[in-house]
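# Geometric and topological summary
The residues making up each chain are set out below.
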Amino acid sequence: MIPTDEVLVGRAQAGDRAAFEELVRRHTGGVYGLVLPFCQDRHEAEDLVQEVFLRAWRALGRFEGRSRFFTWLYRIAVNEAKRRVERRPSPERSLDDEPIAEAPDWSRAPELVAEQGAVREVLRTAIGNLPTDHRAALVLRDLQGLSSAEAADVLDVGEGALKSRLHRARMAVRRTLDEYFAAGLPDRADQPGGSG
Amino acid sequence: MVGLPASHRWTRRRLSAYLEGELPRRAGRRLEAHLVACPQCHRTFMTLVALLGALPASHEQPLESLAERTVEHLRPHL
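All of the points below concern the structure found in this document. (Residues numbered from 1 in each chain as written. Chains lettered and ligands numbered in written order. Predicted model: local features only at pLDDT ≥ 70, side-chain atom pairs only at ≥ 80, totals over all residues. Heavy atoms only, no water.)

### A look at the nonpolar core
Counting residues in hydrophobic clusters, the biggest one holds 83 residues, and the most contacted among them are Phe20, Val31, Leu138 and Leu177 of chain A. When residues of this core are assigned to their parent elements, the largest contribution, 10 residues, is made by helix α4 (residues 69–87) of chain A. (Core = buried A, V, L, I, M, F, W, Y, C linked by side-chain atoms within 4.5 Å. Buried < 20%, exposed > 50% of the residue type's maximum accessible area, 1.4 Å probe, protein only. Helix = DSSP H or I, 4+ residues; strand = E, 2+ residues; numbered from the N terminus.)

Written as structure tokens, this is what we have:
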């Protein structure tokens, strides 16, 4: 039988290093996906993943099991990621979420479902430009697939605050795609909403 | 715009709540009536739905080796 996270945490707290290593293997992908939008590149994200697990190991004795292990781990990850962003000199981010009136309906644009390409890059940049609290809400909820309650727990905010940040983040990213599709409209051969 | 069932701003602020089934029934009906009457907010709604469909795919997976490299990195500290 595969042990649950909680069983592995108990063993790790008792000094079982192999149990902690198994937790690392289970959650590396999740932590990486969570911190990447806060990093400048993959290398920084990989470095941050290692730092998050090191901090988790050092703090494991204080984990009391009042939340799920992964929400506790993700809380460490978000705090470390935000700390990194704050260390970098960057302009104050404003959050513009107003629709652009002249943008086309890109809801059925083929580029939107492509795994690679310009739209993917636009999406990554748009997410990376969100203020950190809004970015964290969007990444946890819409990329990682956590529930609103879980995401609020990770961010240590109420569900109302989480949902408010999440909606503004979604609308801001949506606006960036409005800008992208409005700017590219005259050149595009496969106009969104055309034949398909 | 005069004559619309709700304002553009009122509608846009509630699109996520509507999509997640969290709007009270009366507010939901008001929002739906606005979307039917307002092409601009309807487009905003449709593109928001499309965005939410596209976002999970932008969740990048790490290289397979990262988990083992992280374990190796941690071992001297454990």
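### As for unusual backbone geometry
Of note, the phi angle at Asp156 of chain A is positive, near 60°, even though the residue is not glycine. With respect to the helices and strands, the residue Asp156 of chain A is situated in the loop between α7 (148–155) and α8 (159–184).

### Some thoughts on the packing of helix α2 (residues 17–35) of chain A against helix α5 (residues 66–74) of chain B
Closest axis-to-axis distance for the α2 of chain A/α5 of chain B pair is 9 Å, and the angle between their directions is 130°. Here α2 of chain A lies oblique to α5 of chain B, going by the angle between them. Regarding α2 of chain A and α5 of chain B, the two cross each other, and that crossing is right-handed. Packed against α2 of chain A, whose contacting residues are Phe20, Glu21, Val24, Arg25, Thr28 and Tyr32 of chain A, the element α5 of chain B presents Leu66, Ala67, Glu68, Thr70, Val71 and Leu74 of chain B at the interface. When grouped by side-chain class, the residues that make up the contact of α2 of chain A with α5 of chain B number 7 nonpolar, 2 polar and 3 charged. (Axes fitted to C-alpha atoms, helices over the stretch in contact; angles between N-to-C directions. Parallel < 35°, antiparallel > 145°, perpendicular 65-115°, else oblique. Left-handed = near helix turned anticlockwise from the far one by under 90°. Contact = heavy atoms within 4.5 Å. Nonpolar A, V, L, I, M, F, W, Y, C, P; charged D, E, K, R; others polar.)

### Some words on the pattern of salt bridges
Summed over the entire model, instances satisfying the criterion amount to 33 salt bridges over all chains. Its salt-bridge partner being Arg75 of chain B, residue Glu21 of chain A comes within 2.9 Å of it at the nearest N-O pair. A residue pair is termed interchain when its members come from two chains, as with Glu21 of chain A in helix α2 and Arg75 of chain B in the segment after α5. Taking the relative accessible area as the measure of exposure, Arg75 of chain B reaches 35% and is therefore partly exposed. (Salt bridge = Lys/Arg side-chain N within 4 Å of Asp/Glu carboxyl O.)

### Remarks on the packing of aromatic side chains
Residues and elements named next belong to chain A. On inspection of all chains with the given rule, the structure shows 8 aromatic pairs over all chains. Here Phe20 and Trp57 contribute two aromatic rings whose centre-to-centre distance is 5.0 Å and whose plane-to-plane angle is 55°, an arrangement assigned as tilted. Of the two residues, Phe20 sits in helix α2 while Trp57 sits in helix α3 (residues 42–59), which places them 37 residues apart along the sequence. With a relative accessible area of 1%, Phe20 lands in the buried category. For Trp57, a relative accessible area of 18% translates into the label buried. (Phe/Tyr/Trp six-rings, centres within 6.5 Å; stacked < 30°, edge-to-face > 60°.)

### Here's the deal with helix α4 (residues 39–54) of chain B
Between the first and last C-alpha of α4 of chain B there are 22 Å, a value that for 16 residues agrees with the 22 Å anticipated at 1.5 Å per step. Of the positions making up α4 of chain B, those classed as buried are Cys41, Arg43, Thr44, Phe45, Thr47, Leu48, Ala50, Leu51 and Ala54 of chain B. (Expected span 1.5 Å × (residues − 1).)

### Describing the environment of Gln40 of chain A
Residues and elements named next belong to chain A. By the secondary structure assignment, Gln40 is in the loop between α2 and α3. Overall, the relative accessible area of 61% leaves Gln40 in the exposed class. Taking C-alpha positions, Gln40 is 10.0 Å from Arg84, a pair spaced 44 residues apart along the chain.

### What to know about the interface of chain B and chain A
Each side of the interface is counted separately: chain B has 38 residues, and chain A has 46 residues. Of the roughly 3,900 Å² buried at the junction of chain B and chain A (both faces included), carbon and sulfur atoms supply 60%. Of all residues in chain B, Arg43, Glu60 and Leu78 of chain B bury the most surface against chain A, accounting for 18% of the area lost on that side. The interface formed by chain B and chain A holds 11 salt bridges in total. Between Arg12 of chain B and Glu98 of chain A there is a salt bridge whose closest N-O contact spans 2.9 Å. In this assembly, chain B and chain A are joined by 19 residue pairs in polar contact (both at pLDDT 80 or more). At the level of elements, α1 (8–13), α2 (15–19), α4 and α5 of chain B are the ones that each hand at least two residues to the side of chain B that touches chain A. When the residues that make up the side of chain B that touches chain A are grouped by side-chain class, the tally is 17 nonpolar, 10 polar and 11 charged. (Buried area = accessible area lost by both parts, 1.4 Å probe. Polar contact = N/O pair within 3.5 Å; in protein donor to acceptor, adjacent residues only side chain to side chain.)

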